[in-house]
Amino acid sequence: MGTVWRSQGYSVEESRNYRRELQLRLTGLKQACTQVRGSSSQARDALRRHFSELQGAATRLLAARLAQLVSQVDALEENSLRPLTALDVACVSAQLDDSVLDVLKEKVVGHGSVSSHPPVQIVELQERPGAMLVRWAKDAYVGGDYEVVVVHLDPHAEHLFRVSARGDGCSSWSPWSIPQAGSTSLAPHEWSPGTDGYILSSRRNIAMRCDSAPSHCPVLYSNAPTYCCGQTLTFKVSTAGQADHRDGVGVCVERESGQETLQRDQAVCISTKGAVFVNGKEMTNRLPALALGSAVTFDMEVIALFPAGNNNNLSEGGANIKIRVTIGCGSREVVFDWPLETPVDGLFFGCCFAHTGWKVLVY
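Reference entry: report on the structure contained in this document.

Scoring rules and cut-offs
Residues numbered from 1 in each chain as written. Predicted model: local features only at pLDDT ≥ 70, side-chain atom pairs only at ≥ 80, totals over all residues. Heavy atoms only, no water. Helix = DSSP H or I, 4+ residues; strand = E, 2+ residues; numbered from the N terminus. Buried < 20%, exposed > 50% of the residue type's maximum accessible area, 1.4 Å probe, protein only. Contact = heavy atoms within 4.5 Å. 1 Å grid on protein atoms, 1.4 Å probe; cavity = no way out; pocket = protein on both sides within 12 Å on 5 of 7 lines; lining within 4 Å. Points joined across faces, edges and corners; volume = space filled by probe spheres on them. Nonpolar A, V, L, I, M, F, W, Y, C, P; charged D, E, K, R; others polar. Core = buried A, V, L, I, M, F, W, Y, C linked by side-chain atoms within 4.5 Å. Phe/Tyr/Trp six-rings, centres within 6.5 Å; stacked < 30°, edge-to-face > 60°. Pairing = 2+ DSSP bridges. Salt bridge = Lys/Arg side-chain N within 4 Å of Asp/Glu carboxyl O.

Across its full length, the chain holds two helices and 18 strands. In the chain, which comprises 363 residues, the share counted as buried stands at 30%. Taking contacts inside the chain between residues at least 6 apart in sequence as the whole, the part at least 24 apart equals 57%.

Where empty space is left can be seen by rolling a probe of water-molecule size over the atoms. In this structure, the largest pocket encloses a volume near 1400 Å³. Forming the walls of the largest pocket are 36 residues, and the residues nearest its centre are Ala-43, Ser-115, Ser-174, Pro-175 and Trp-176. Of the residues contributing to the lining of the largest pocket, the split by class is 15 nonpolar, 16 polar and five charged.

Ranked by size, the top nonpolar core spans 47 residues in total, and within it Phe-235, Met-300 and Trp-338 carry the most contacts. With five residues, the top contributor of residues to this core is strand E15 (residues 321-329). Val-120, Ile-122, Met-132 and Val-163 belong to the second largest nonpolar core, which has nine residues in total.

Attention now goes to the packing of aromatic side chains. This structure, assessed with the given rule, holds five aromatic pairs. Centre to centre, the rings of Phe-353 and Trp-358 are 5.0 Å apart; their planes meet at 10 degrees, and the pair counts as stacked. Each member of the aromatic cluster is reached from another via a ring pair, and the members are Trp-191, Phe-235, Phe-298 and Phe-349.

What follows concerns the pairing of strand E16 (residues 332-340). If a strand is regular, its side chains alternate between the two faces of the sheet. Taken together, the nine bridges between E15 and E16 define a ladder with antiparallel strand orientation. Opposite Ile-323, over in E16, you have Trp-338 as the bridge partner. Counted between consecutive antiparallel strands, the loop separating E15 from E16 contains two residues, among which Gly-330 sits at a positive phi close to 65 degrees.

Once that is clear, we can look at the pattern of salt bridges. Two side chains bearing opposite charge may form a pair once their charged atoms approach each other closely. Counted by the stated rule, this structure contains nine salt bridges. In this structure, Glu-260 engages Arg-246 in a salt bridge whose closest nitrogen and oxygen atoms are separated by 3.4 Å. Taken together, the residues Glu-260 in the loop between strand E10 (248-252) and strand E11 (267-270) and Arg-246 in the loop between strand E9 (232-239) and E10 connect sequence positions 14 residues apart. For Glu-260, a relative accessible area of 27% puts it in the partly exposed group. For Arg-246, a relative accessible area of 31% translates into the label partly exposed. As a salt-bridge pair, Glu-256 and Arg-264 come within 3.3 Å of each other at their nearest N and O atoms. A single salt-bridge network, built from bridges that share partners, covers Glu-124, Arg-135 and Glu-147.

Another aspect to go through is the environment of Gly-293. With respect to the secondary-structure elements, Gly-293 resides in the loop between strand E13 (281-286) and strand E14 (295-305). Classification of Gly-293 by relative accessible area gives partly exposed; the value is 41%. Along the sequence, Gly-293 and Ala-240 sit 53 residues apart, while their C-alpha atoms lie 8.6 Å from each other.

Take a look at the structure:
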């Protein structure tokens, strides 16, 4: 009897799950129908409004041209009647042809179009710390950018994202894409407050080098080791100042107080002049110098993890972990392996500028 009841209870639970699934599908179907009907209604209204405006504009242009020509006829008539001689008698006429109708017909026949989908569609939403990476369809869009990072987002707050496109030489934008809902569960990156020589924004994701410490300015670190392998860390230069060989942005294992540069052991960085340093040593390959609008990206992944005492790591100077690092700036990037002595759950990021005028956004 107990077996029968367990079997019946399992069937009831299955039925409930199936019912919930059907309800979700029904809700999705209703939303899809609402979207089709709503967008169709909006498209009809847009077409009627646009062509009504065109008709009004064309009527006004034709009326203005008619008034101009009639005014010319009136002037010719008045001038021709005084003084009137038998040798010079005017015969006022109007020269008209139908070519304008052919041109108008050619333009009207090809004017406007309708589509079941907007020309640009969002294909991916990827969460970032306090931000969202939005990518749109490449097959329906031709342009220089296919993604954008939307910053200043609060964690776990749902947002709606949509995109629109505009062709070269066009003044009007395309219809909006279908809205996509998304949220980020990752807390935003923050600079550590209280460091001499720097002013932070209210969200602590923007740091500006000020003149409160003109002769001595330590490295500004993140508030916590929030950068993890597998993520993309971006530094965006909002304003640029004078470059110095000690300057740079990068990541490190530990925060070392008193340091005035990230060009040291257990750290990787790019200087404002484009030089790349790994554990304090400068690489041969260089990246473009940092300037207004520059975006520097750090991507890392663990490629090797050696047990303590493993002889395989002797060539790395006793390193127990190896991280593949990709630093990008502009259209160029450098790739290298970064040996570390111990595995880490998260890394600090930092920046250092000897002169004022630098402002950096991190996300």
